[in-house]
Amino acid sequence: MIGLIGIVFTFAIIFGMYVVSGGKIEIILEAAPHEFPMLMGGAIGAYLVANSKVVLKKTPKEIGKAFKGPKWLKQDYLDLLCLLFLLCKQMKSKGLISIEAHIEHPHESTIFNRYPKIAHDHFATDIICDTLRAMTMGMENPMQIEEVMDRQIEKHHHEASAAGNGLQGMADGLPAIGIVVAVLGVVKTMASINEPPAILGAMIGGALVGTFLGVFMAYCVVGPIASMNISIHNEEQQFYFIIRDVLVAHLKGMAPQISVEIGRSQIPSHYQPSFLEVEQLTSEVKLEG
């Protein structure tokens, strides 16, 4: 919502002040129907060439994500800590074998289904279950587990932020495409060199609209959307780092309460619960029979 307000505010200020200062908006309105399709058509065409089918399919959803905001909110971080606490305590109390059925079929697990939003996130369940499965198979070196999880998280982050990086590439190219559009407008103007100065001036002004639109779309629309998308994915990545930190702490022999406290300290500050909040919630968590 704030993103939409920002874009509307940008349009209003830039074009409003242009008109107030005496600028002739009709020149822009007359040129835009021709210049804008050329500009964005070139940008979209370049985007299609530069990105894979997987990224192209995700792009509309990723643009929406920039306006929707992060997937994980404070309650989700609390749920994650409770889930990890439950798993760690279950393993400490009843051994790794007690969670084997839960990690083999997480969508049928009574532990995971206590927290449905996390259970429906494929990567979150996969990285938890894959790590615990490796532990049951004898992979108990904390450094090795941490390295494997880091690689998984990095791969996921790279794939998730691909569309945002692609949009940033589009933003970087828009000013240059705007110049191309403007040059074509100047070429068109030169073909009418015998026209009166007033007409030539309007034609040159219309040609320069291409440059203006290229810079405007790059730095006031596409660039901010790409930046917000990448920022959201960077924040969401922290959710998975918390999983890594808690499980590695457990593997080092720390108590469930300590492992979860390490995870709590990694939650983004604007969502971070207090120690007492987490302690109260984890104290209410009951083990599986």
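(A) Main features of the overall build of the protein chain. Tallying secondary structure elements over the protein chain gives 12 helices and 0 strands in all. Helices and strands appear in the protein chain in the N-to-C order α-α-α-α-α-α-α-α-α-α-α-α. A globule of 289 residues ought to have a C-alpha radius of gyration of about 19 Å, yet the protein chain, at 27 Å, is considerably larger. Each principal axis of the C-alpha distribution contributes one length, and for the protein chain these read about 90 × 35 × 30 Å. With 289 residues in all, the protein chain has 42% of them scored as buried. Long-range contacts, defined here as pairs at least 24 residues apart, represent 78% of the contacts in the protein chain between residues at least 6 apart. A total accessible area of about 15400 Å² is found for the protein chain, and carbon and sulfur atoms account for 65% of it. Put simply, the protein chain has 22 plus and 28 minus side-chain charges, and the middle of one group is 3 Å from the middle of the other.

(B) Summary view of the packing of aromatic side chains. Taken as a whole and assessed by the stated rule, the structure comprises 10 aromatic pairs. With a centroid separation of 4.8 Å and 80° between ring planes, the pair formed by F123 and Y240 is classed as edge-to-face. Remark: Y240 occurs in helix α10 (residues 197-251) and F123 occurs in helix α7 (residues 122-136); sequence separation between them is 117 residues. Neither residue differs from the other here; F123 and Y240 are each classed as buried. Among the aromatic residues, those joined into a cluster by ring pairs are W72, Y77, F123, F239, Y240 and Y271.

(C) Spotlight on the pattern of salt bridges. Counted by the stated rule, this structure contains 10 salt bridges. Here E236 makes a salt bridge to K65, at a shortest N to O gap of 2.9 Å. You can see E236 sitting in helix α10 and its partner K65 sitting in helix α3 (residues 53-68), a full 171 residues away along the chain. As far as the burial class goes, E236 and K65 line up, both buried. D130 is the partner of R133 in a salt bridge, and the nearest nitrogen-oxygen pair spans 2.9 Å. Within this pair, R133 and its partner D130 are both found in helix α7, separated by 3 residues, close to a single helical turn. Here the salt bridges do not stand alone but share partners, grouping E104, D130 and R133 into one network.

(D) Inspection of the packing of helix α4 (residues 74-94) against helix α12 (residues 275-283) at higher detail. Relative orientation of the contacting elements α4 and α12 amounts to 50°, with a least axis distance of 10 Å. By the angle between their axes, α4 is oblique relative to α12. Two packed elements cross with a definite hand, and for α4 against α12 that hand is right-handed. Judged by residue contacts, K74, L78, L81, C82 and F85 of α4 engage E277, V278, L281 and T282 from α12.

Here is what the cut-offs are and how they apply
Residues numbered from 1 in each chain as written. Predicted model: local features only at pLDDT ≥ 70, side-chain atom pairs only at ≥ 80, totals over all residues. Heavy atoms only, no water. Helix = DSSP H or I, 4+ residues; strand = E, 2+ residues; numbered from the N terminus. Rg over C-alpha atoms; globule rule 2.2 N^0.38 Å. Buried < 20%, exposed > 50% of the residue type's maximum accessible area, 1.4 Å probe, protein only. Contact = heavy atoms within 4.5 Å. Areas by Shrake-Rupley, 256 points an atom, 1.4 Å probe, with all protein chains shown as cover. Lys, Arg positive; Asp, Glu negative; His and termini not counted. Charge placed at Lys NZ, Arg CZ, Asp CG, Glu CD. Phe/Tyr/Trp six-rings, centres within 6.5 Å; stacked < 30°, edge-to-face > 60°. Salt bridge = Lys/Arg side-chain N within 4 Å of Asp/Glu carboxyl O. Axes fitted to C-alpha atoms, helices over the stretch in contact; angles between N-to-C directions. Parallel < 35°, antiparallel > 145°, perpendicular 65-115°, else oblique. Left-handed = near helix turned anticlockwise from the far one by under 90°.

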